[in-house]
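So you can see what is in the structure, the chains are spelled out below.
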Amino acid sequence: MTSVTPAPGTAAPAADLSSLGLGFASAKLLLTALELGVFTTLAESADGSAEAEELRAALGLHPRAAADFFDALTALGLLERRYGRYRNSPAAQAHLVRGPHYQGGFLEGANHVLYPAWGRLTEALRTGRPQADGDFEAMLADPQARRMFLAMQDSLSRPLVPGLLDALDWSRYRTLTDVGGARGNLAGHLLRARPGLRATVFDRPQNAGPCAEHAAALGVGDRLSFTGGDFFTDPLPPADVLVVGHVLADFSRDERRTLITKAHAAVRDGGALLVYDPMNGDTPHLTSLVASLHMLVMTPAGAGYHPGHCTGWMEQAGFTDVTRHPLPLGNTLLVAHKPPARKGE
Ligand SMILES: C[S@@+](CC[C@H](N)C(=O)[O-])C[C@H]1O[C@@H](n2cnc3c(N)ncnc32)[C@H](O)[C@@H]1O
């Protein structure tokens, strides 16, 4: 059995326990600042700075605690205050101002969806039931909520692209299907790096429009198509390479095995299946375990899984030569190969 006891000397000293327990306050300060657009408002103000009263008025805040809020953001290193004027810290200016380099998409979604659900973690642990407000279908039907969801997925998949490019000899392949590929962010970035490749994104039909728009914005609209459907009931579009990323952890063990078996049918002989998720290996890894608990509070049966178990499901489906590759943000990539057809088959 895997030990989850921290190594000697790594447990939090008693004095740090209060900070650990109140960590939600720091998180909520950042999430609320993003929701209110604090960093974008400051970036757009004259010379990139504002007095407390100007900033308060621009954000439409009540006077009672606005200055405390701005000073708390300063104490967190997100703002700087000089001569009574606030400006973004270099990190906030680089990553938290809305625009091409914005990294707040996932956090805005987390504020909206994960934060309330984590507030009911005790209930989730007692009952095993998800705690999200609303369900996935309702979210897909609401254009604003869907946009937020897609932006969250983009910010989680974009950092993984270099790892996927390195893990496979892409020059051997011409076609790709990204199963549950959302609006095609990962597929689009792979196509940009591999001009000889064409891709199909398979996802719920509601994501067709956003995918076409995103593919055009990435400059790959002529090589990226979209097929709408349900990956449990519809056949998957065949391709040399199938990607199933940030999907299997949303579902039960049996559903994961079903999808891997369906992927095997769709991968062409000699092709490959790429699966990535924040998997839980033998060493407890907080990022992966938190992602697994996101699945607890958000989905009926999802959870993190061990890369060794997934390797077994792939081999049972008929894949061989499964290799394991660490990816950023606590993710693991498994690359599995479908043997070439033997002569006469
Ligand atoms: C967590 S997102 C992962 C998106 C993308 N693969 C990535 O790595 O960013 C899961 C995706 O699976 C899609 N999905 C969920 N259930 C589905 C189903 N039954 N059939 C097709 N797509 C589905 C969702 O719409 C969503 O885009």
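Here, the structure is the one placed above.
We now turn to the structure provided with this report. Since the structure is predicted, the reported quantities are computational estimates derived from the model, not experimental observations.

About the cut-offs
Residues numbered from 1 in each chain as written. Predicted model: local features only at pLDDT ≥ 70, side-chain atom pairs only at ≥ 80, totals over all residues. Heavy atoms only, no water. Pairing = 2+ DSSP bridges. Helix = DSSP H or I, 4+ residues; strand = E, 2+ residues; numbered from the N terminus. Axes fitted to C-alpha atoms, helices over the stretch in contact; angles between N-to-C directions. Contact = heavy atoms within 4.5 Å. Buried < 20%, exposed > 50% of the residue type's maximum accessible area, 1.4 Å probe, protein only. Polar contact = N/O pair within 3.5 Å; in protein donor to acceptor, adjacent residues only side chain to side chain. Arc of directions from axis to C-beta.

Right, let's talk about the sheet that holds strand S3 (residues 85-88) for a bit. Taken together, the three strands give an open sheet; going across it, the order is S1-S3-S2, and neighbouring strands pair in antiparallel fashion. Both edges of this open sheet fall to strand S1 (49-51) and strand S2 (79-82), since each of them pairs with a single strand only. The average undirected angle you get between the axes of adjacent strands in this sheet is 30°. In the sheet, S1 pairs with S3 via three bridges, with the strands oriented antiparallel. Bridging across to S3, alanine 50 finds its partner in tyrosine 86. Contacts from helix H4 (residues 52-59) reach S1 and S3 within the one sheet, and its direction differs from that of S1 by about 100°.

Let's shift gears to the environment of serine 49. For serine 49, the location among the structural elements is in strand S1. Judged by relative accessible area, which is 5%, serine 49 ranks as buried. Separated by 32 residues in the primary sequence, serine 49 and arginine 81 have C-alpha atoms spaced 9.1 Å apart. Contacts of serine 49, omitting those with residues within four sequence positions, involve Leu42, Arg85, Tyr86 and Arg87. At 2.7 Å, the side chain of serine 49 forms a polar contact with the side chain of aspartate 47.

If you check which residues of helix H5 (residues 66-75) are buried, you get Ala66, Phe69, Phe70 and Leu73. In an axial view of H5, the angular spread of the buried residues amounts to 95°, which keeps them on one side of the axis. Turned more than 90 degrees from where H5 packs its buried face, Asp68 and Ala75 sit exposed. Those residues of H5 that are buried are in contact with helix H2 (23-36), helix H3 (38-44), H4, S2 and S3.

Everything listed is a geometric property; what it means functionally is a separate question.
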